[in-house]
Amino acid sequence: MNPTAPPAPPLRPPRAAIPRVAAAAEAVLAVGAALGAGHLVAALISPASSPFLAVGDVVIRFSPQFLTEFAKTTFGTADKPVLLGVMAVVIAVVAVAAGLASVRRPAPGIVVIGGLGLLGLLAVVTAPAFTWVDLAAPAAALVVGVDAFRGLHALATRAYVPAAGGDGNQGVSRRTLLLGSSAAVAVVSLAAGGVGQLLSGGVGDSRRTVTDRLARARLVERAPAIPPRAAFPELGTPTFLTANPDFYRIDVALRVPAQRAEDWSMRIHGMVDNEIVLTFDDLLARPLVERTITLTCVSNPVGGPLISTANFIGVDLRDLLLEAGLLPGADQLYSTSVDGWYTGTPTEVVLEPGRGALLAIGMNGEALPPEHGFPVRMLVPGLYGYVSGTKWLTDLELTTFSADSGYWLERGWAQKAPIKTQCRIDTPRGFATAARGRVTVAGIAWSQPTGVSRVEVRMDGGAWQDAELATEVNADTWRMWRASFDLAPGSHTVQARATDKNGAGQTEMRAEPIPDGASGWPATIFTVA
């Protein structure tokens, strides 16, 4: 030991830690404040720029196809709430981890929360419909999240780490201040998110106005009344017209776009002689038609529920395109939604005389519901919706398939998607128990726009027998059927198949929805007691 060496400096005591529960809670509250602030600012400036929803949109856009179809098949129309719930759980877990890493110093939490904010900013910037004003919401979320965490961490440090010469009562009062501040952050976060949600969904007054105007509008073509025997709901089939709340919904929008009819406009441009710009008033001033149309989703599995029928009011799309004047070679009608979604429709199909394509503004006697495209959506009977049913429509461009690709075409789906001839067994339900004696089997069949001419049913692999068909409404809609069998007690299997008016039968070959719709004969197993 060198007697002349200077004494070693005293070791710095380790920084005192705040309780792990408090650290985790402050991080969760800070992230909640960030999400609430982002959602509120987005609602005030640009609803599509909410960072939480923007991240969800990124997940949807880049999810592998098998995962997308699994979500649709497993959760149906609840797939979006499930996704948002899973995202919320994941974000909460990340926030808890950030808080636990910050029990001695705030730097780890600041880095993680700042990283989440940058992730939201990146998701907004890469959105299909990004504009510079969309930066406001994720920027606000980033600043609020980091500042809230720093402030809460400082309060927690003062509350749980006694000052020199302090006493116990001072710690208790500081902890009371911390609890009050945390509660205030939680309440403000929930309030901001709630107000943002209310503001982003405020189209009720506009819809009521449109419904009133449709009630007074003169239609040049009105849908015929539905015949009394067009459906067998007493046997378990759907009613012929699907009520708006029950109409299936499949799209990629996590947030239903909130656009007032008064603010809507659309451009028809591209390979045309005359570019057309339309407002909602322009549409109402044109000849309005009402048509009964069955819509079918390409993701519908054999025997699935993703099919519905309604009376739609709108403007004939063929007439609009003829007015614009198509240039030679314009084989694709490229449509874009207000949220940036896009798809391509074969122009030749839209232009078919009698096809009945619409720019729809009404559904079952009222304005389109927000989730079904208010204020304007596109409909082309006989094509699956992913190439023909653009909701929240804002742009139509005449172009070519070689120049532009639709959203689902980029993900491996078919370019042209005519609806396949299919049928479904609605009753008896799978594994149900029927009373002994005569059992009635009933269901629906569809083959838009050709129409269904025949449905055959067989029991336990026996001979096919013709089912009784309900009264046809038109070739663009589903058609109900029923057949009866005398059955002995035990397990039974019923199959069905449809034939269209051209004599083409429903194929037995089983196919999954990807890339151009499911096929196969539906079958149901049930028991006779």
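Note that the structure is predicted; figures quoted are calculated from it, not measured.

(A) Seen up close, the overall build of the protein. Summing up its helical and strand segments, the protein has eleven helices and 20 strands in all. By the burial criterion, 49% of the 529 residues in the protein qualify as buried. Residue pairs at least 24 apart in sequence account for 76% of intrachain contacts in the protein once pairs closer than 6 positions are excluded. When the accessible surface of the protein is split by element, carbon and sulfur atoms take 60% of a total near 23900 Å².

(B) Main features of the pattern of salt bridges. Considering all chains together, one arrives at 25 salt bridges under this definition. In this structure, Glu-221 and Arg-291 form a salt bridge, with 3.1 Å as the shortest nitrogen-oxygen distance. Residue Glu-221 is located in strand S1 (residues 219–221), and its partner Arg-291 is located in strand S4 (residues 288–296); the two are separated by 70 residues in the primary sequence. On the accessibility criterion, Glu-221 (31% relative accessible area) is partly exposed. In this structure Arg-291 comes out as buried when scored by relative accessible area, which is 15%.

(C) Structural context of helix H2 (residues 51–62). Counted at 1.5 Å a residue, the expected span for H2 with its twelve residues is 16 Å, and the 17 Å between its end C-alpha atoms agrees. Among the residues of H2, Pro-51, Phe-52, Leu-53, Ala-54, Gly-56, Ile-60 and Arg-61 are the ones counted as buried. Summarising the contacts, the buried residues of H2 are in contact with helix H1 (20–45), helix H4 (79–100), helix H5 (107–125) and helix H6 (136–160).

(D) Expanded view of H5. Over its 19 residues, H5 extends 26 Å from the first C-alpha to the last, a length consistent with the 27 Å expected when each residue adds 1.5 Å. Buried residues of H5: Gly-109, Ile-113, Gly-114, Gly-117, Gly-120, Ala-123 and Val-124, and no others. Of the surrounding secondary structure, the elements contacted by the buried residues of H5 are H1, H2, H4 and H6.

(E) View of the nonpolar core. Ranked by size, the top nonpolar core spans 92 residues in total, and within it Ile-268, Phe-312, Leu-317, Leu-359, Tyr-386 and Leu-396 carry the most contacts. Discounting chain neighbours no more than four positions away, the residues touching Phe-312 are Phe-247, Val-289, Glu-290, Arg-291, Ile-293, Leu-295, Leu-358, Ala-360, Gly-362, Met-363 and Leu-379. Val-452, Val-457, Leu-487 and Ala-498 belong to the second largest nonpolar core, which has 20 residues in total.

(F) Inspection of empty space enclosed by the protein at higher detail. Enumeration according to the criterion identifies three cavities of 30 Å³ or more in this entry. A volume near 450 Å³ is recorded for the largest cavity. For the lining of the largest cavity, the elements supplying multiple residues, two or more each, are S4 and strand S10 (377–379). With three residues, S4 is the largest single contributor of residues to the lining of the largest cavity. When grouped by side-chain class, the residues that make up the lining of the largest cavity number 17 nonpolar, nine polar and six charged.

(G) Broad picture of the sheet that holds strand S18 (residues 479–487). Spatially, S12-S14-S18-S17 is the arrangement adopted by the four strands of the open sheet, whose pairing is antiparallel. Two strands in the sheet have a free side with no partner beyond their single neighbour: strand S12 (422–427) and strand S17 (468–469). In this structure, S12 lies alongside strand S14 (residues 437–446), joined through five bridges in antiparallel fashion. Looking at the pairing, Arg-424 lines up with Ile-444 of S14.

(H) Examining the packing of aromatic side chains more closely. All chains considered together, the criterion is met by twelve aromatic pairs. Look at Tyr-342 and Tyr-407: their rings are 5.9 Å apart centre to centre, the planes differ by 70 degrees, and that puts the pair in the edge-to-face class. With Tyr-342 in strand S7 (residues 342–346) and Tyr-407 in the loop between strand S11 (393–399) and S12, this pair connects stretches of sequence that are 65 residues apart. With a relative accessible area of 16%, Tyr-342 lands in the buried category. Residue Tyr-407 is classed as buried on the basis of its relative accessible area of 3%.

(I) How the structure looks around the sheet that holds S11. Across the sheet, five strands lie side by side as S3-S2-S11-S6-S7; this open sheet has mixed pairing. Each edge of the open sheet is held by one strand with a lone partner, namely strand S3 (276–279) and S7. Across this sheet, the average inter-strand angle for adjacent strands is 15 degrees, counted without regard to direction. Here helix H10 (residues 317–324) sits on the sheet in contact with strand S2 (265–270), S3, strand S6 (332–337) and S11, set at roughly 140 degrees to S3.

(J) Inspection of the packing of H1 against H6 at higher detail. Contact geometry for H1 and H6: axes closest at 7 Å, N-to-C directions at 155 degrees. The angle between H1 and H6 places the two elements in the roughly antiparallel class. In the crossing of H1 with H6, the sense of the turn from one axis to the other is right-handed. Residues Ala-22, Glu-26, Ala-27, Leu-29, Ala-30, Ala-33, Ala-34, Ala-37, Gly-38, Val-41, Ala-42 and Ile-45 of H1 pack against Ala-136, Ala-137, Ala-140, Ala-141, Val-144, Gly-145, Ala-148, Phe-149, Leu-152, His-153, Ala-156 and Tyr-160 of H6.

(K) Broad picture of the environment of Trp-446. As for its placement among the helices and strands, Trp-446 is situated in strand S14. Take Trp-446: its relative accessible area is 3%, and that puts it in the buried class. Taking the C-alpha atoms as reference, Trp-446 lies 8.5 Å from Ala-475; in sequence the two are 29 residues apart. When near neighbours in sequence (up to four residues on either side) are disregarded, Trp-446 contacts Thr-296, Asn-300, Ile-307, Ile-419, Lys-420, Thr-421, Gln-422, Cys-423, Arg-424, Val-452 and Trp-478.

(L) Summary view of a nonpolar patch on the surface. There is a patch of nonpolar side chains on the surface, built from Phe-66, Leu-67, Phe-70 and Phe-75 and spanning about 430 Å² of accessible area. Structurally, the position occupied by Leu-67 is in helix H3 (residues 65–75). The exposure class assigned to Leu-67 is partly exposed, which follows from its relative accessible area of 38%.

(M) Here's a closer look at the pairing of strand S20 (residues 523–528). Of the two faces of S20, the one lined by Thr-524, Phe-526 and Val-528 is fully buried and the one lined by Ala-523, Ile-525 and Thr-527 carries no buried residue. Note that strand S13 (residues 433–434) and S20 share two bridges and pair parallel. In the sheet register, Thr-433 faces S20, and the bridge partner there is Thr-527. Alignment of strand S19 (residues 490–500) against S20, held across six bridges, turns out to be antiparallel. Each bridged residue has a counterpart across the sheet, and for Val-494 the counterpart in S20 is Thr-524.

Analysis parameters
- Residues numbered from 1 in each chain as written.
- Predicted model: local features only at pLDDT ≥ 70, side-chain atom pairs only at ≥ 80, totals over all residues.
- Heavy atoms only, no water.
- Helix = DSSP H or I, 4+ residues; strand = E, 2+ residues; numbered from the N terminus.
- Buried < 20%, exposed > 50% of the residue type's maximum accessible area, 1.4 Å probe, protein only.
- Contact = heavy atoms within 4.5 Å.
- Areas by Shrake-Rupley, 256 points an atom, 1.4 Å probe, with all protein chains shown as cover.
- Salt bridge = Lys/Arg side-chain N within 4 Å of Asp/Glu carboxyl O.
- Expected span 1.5 Å × (residues − 1).
- Core = buried A, V, L, I, M, F, W, Y, C linked by side-chain atoms within 4.5 Å.
- 1 Å grid on protein atoms, 1.4 Å probe; cavity = no way out; pocket = protein on both sides within 12 Å on 5 of 7 lines; lining within 4 Å.
- Points joined across faces, edges and corners; volume = space filled by probe spheres on them.
- Nonpolar A, V, L, I, M, F, W, Y, C, P; charged D, E, K, R; others polar.
- Pairing = 2+ DSSP bridges.
- Phe/Tyr/Trp six-rings, centres within 6.5 Å; stacked < 30°, edge-to-face > 60°.
- Axes fitted to C-alpha atoms, helices over the stretch in contact; angles between N-to-C directions.
- Parallel < 35°, antiparallel > 145°, perpendicular 65-115°, else oblique.
- Left-handed = near helix turned anticlockwise from the far one by under 90°.
- Patch = residues over 30% accessible without salt bridge, like charges linked within 9 Å, V, L, I, M, F, W, Y side chains within 5 Å.

Nothing here speaks to function; it is all geometry.
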